[in-house]
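Working through the structure, step by step
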Amino acid sequence: MAEHTSDLVVRGTPFWFTADPFLVDTPMASVEDGAVWCRAGHIVAVGAWAELRDRLPDSATVQHYPGRLISAGFVDGHTHYPQFDVVASLADDLPGWLDRHAYPAEQRCGDPQYARAAAESFCDELLRNGTTTALTFCTSAQDSVDALFAAAMKRNMRMVAGKVLMDRAGPASLLDTAERGYRESAALLRRWHGRGRNGYAITPRFAPGCTAAQLDAAGALWREHPGALLHSHIAETEDELAQVRELFPDRADYLDVYEHSGLTGPGAVFAHGVHLTEAELLRCARSGTALVHCPSSNLFLGGGLFDLYQATSRARPVTVGLGTDVAAGPTFSLLRGMRDASHVARLRGHTLDGVRGFYLATLGSATALGLADRIGSLAVGNEADLVVLDPAATPMLSRRTSRAQSLPDVLFALAVLGDDRTVEATYVAGERRYCRADSMDTAGGVAVTHDHAPSRGCPGLRPDTGTGPVEQ
Ligand code: GUN
Ligand code: ZN
């Protein structure tokens, strides 16, 4: 099989980011008829096909996607794998949604067999959507963490996750204590952090679900393991702000609750931040605390409109990634996330172009997770996590992109019209793990490949053949 040869070359139109487009004006690189050369799970070269082809060993396998784009795999900066089954479930607000849908789903994952099946489905659905890495909540049960990391390892995916810490305001079966949460998290961290491509995130649910003692214990654990991430929620809804004021009357604001327990700084990643004040954003920027914009979730639950341009302002930029927040976010697709981010930006009086949208879903999220030196772009030496996108995946996309004048224009069309149908193939560490035309072997997580239908291609990208992808 092609995937097992040592040199794999993915040919198409690679594009990637070399800097942050919120800060720098032309940070995107692309090669129209180009290729990404992968060996032993890493990218060894990216360039023009005409130049690379003469350097390839005879044993190299070339998978050619004429007219398709090749991006770094998407990085979902915030999600909840145990909530997969309650996606698109109705509730009036965040507390109601947690009580009626999220917590029961997490309770079901208390059954290790259920958790294992959920973790397998979750990883497959990520790959079907072009997402190669996620920072995800598990549940408060240790088995739920084991299940997820085992499923990720089976697919060689880079995954960052952790046991949820919550010692109040939830059903008894989901609650731990500060001491137990610390002990179990420490054991899981030692078991999984740095094993394969897994990374551990210490995961206090959010301030209303954790006592000060539990937040302090999380801070102590993080000080002992500074290489781990710290992952939580902040300022998702206005009601939550009021609750935090009442529960932590001595703290100046929401961020101060986390600061007080040592939970901010490089490696701290907070979902939402919709209702942070300018003073809090300034402290995030200064301390290197990252936010993850989850527009699909904020629209679904009505939490509010994150001001992306305020957060990333050049005067004091906060690191921001893009997340789905499944299942409050009703999609795994970060292309849909880009569309929702663009609509939210509109309602905040801005436009979000495709270049910035793709940045957020790749290098932006990778930077938020402290992984920009390994994933999120097609830099030589990076891990070969790739997604192949078809700009003519649907009749509407085909009509639209056939008139596109530039790559940024194609990217904007994909950001507004794209979804799982747009994802033609997903590569993890240099191996193709999903292919649109394939049936997935969910037990092994390995795609069984078949021939592809010829693409209509994207005239804007001038494919040089009308067939593909083709193995050469
Ligand atoms: N805040 C605390 N827990 C959750 C959760 O599971 N989902 C969302 N969207 N917000 C939360
Ligand atoms: Zn969340």
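First things first, this report covers the structure right here in the doc. Remember, it's a predicted structure, so these values are computed and weren't measured experimentally. (Residues numbered from 1 in each chain as written. Chains lettered and ligands numbered in written order. Predicted model: local features only at pLDDT ≥ 70, side-chain atom pairs only at ≥ 80, totals over all residues. Heavy atoms only, no water.)

**Quick notes on unusual backbone geometry**
For residues besides glycine, phi is generally negative; the peptide bonds are generally trans as well. Residue Ala327 follows Val326 across a cis peptide bond; omega there is 15 degrees. Positionally, Ala327 belongs in the loop between strand S14 (320–322) and helix H12 (334–347). Phi angles above zero are rare outside glycine, and Asn156 is one such case at about 60 degrees. Within the element layout of this structure, Asn156 appears in the loop between helix H4 (142–155) and strand S8 (158–162). Look at Ala235: it is not a glycine, yet its phi comes out positive at around 50 degrees. Here Ala235 is to be found in the loop between strand S11 (229–234) and helix H7 (238–247). Accessibility expressed as a relative area gives 0% for Ala235, which makes it buried. (Helix = DSSP H or I, 4+ residues; strand = E, 2+ residues; numbered from the N terminus. Buried < 20%, exposed > 50% of the residue type's maximum accessible area, 1.4 Å probe, protein only.)

**Digging into the coordination of the zinc ion (ligand 2)**
Within the protein, the atoms that donate to the zinc ion (ligand 2) are His78 (NE2), His80 (NE2), His233 (NE2) and Asp325 (OD), at distances of 2.0 to 2.2 Å. For the zinc ion (ligand 2), the four donor atoms are set out with angles of 89 to 167 degrees between them, so the coordination reads as irregular. Each donor residue of the zinc ion (ligand 2) belongs to the same chain, with the gaps between them written as H-x1-H-x152-H-x91-D. Taken together, the residues His80 in strand S6 (residues 74–80) and His233 in strand S11 connect sequence positions 153 residues apart. An identical accessibility class is assigned to His80 and His233; each is buried. (Donors = N, O, S within 2.8 Å, 3.2 Å for Na, K, Ca; no water. Tetrahedral: all angles 85-135°; square planar, octahedral: opposite > 155°, others 65-115°.)

**Quick word on the layout of surface pockets**
Put simply, the largest pocket is a space of about 220 Å³. Around the largest pocket sit 17 residues that line it, and His193, Gly199, Gly227, Leu371 and Arg374 are the ones nearest its centre. Here the lining of the largest pocket is built from residues that sort into seven nonpolar, six polar and four charged. (1 Å grid on protein atoms, 1.4 Å probe; cavity = no way out; pocket = protein on both sides within 12 Å on 5 of 7 lines; lining within 4 Å. Points joined across faces, edges and corners; volume = space filled by probe spheres on them. Nonpolar A, V, L, I, M, F, W, Y, C, P; charged D, E, K, R; others polar.)

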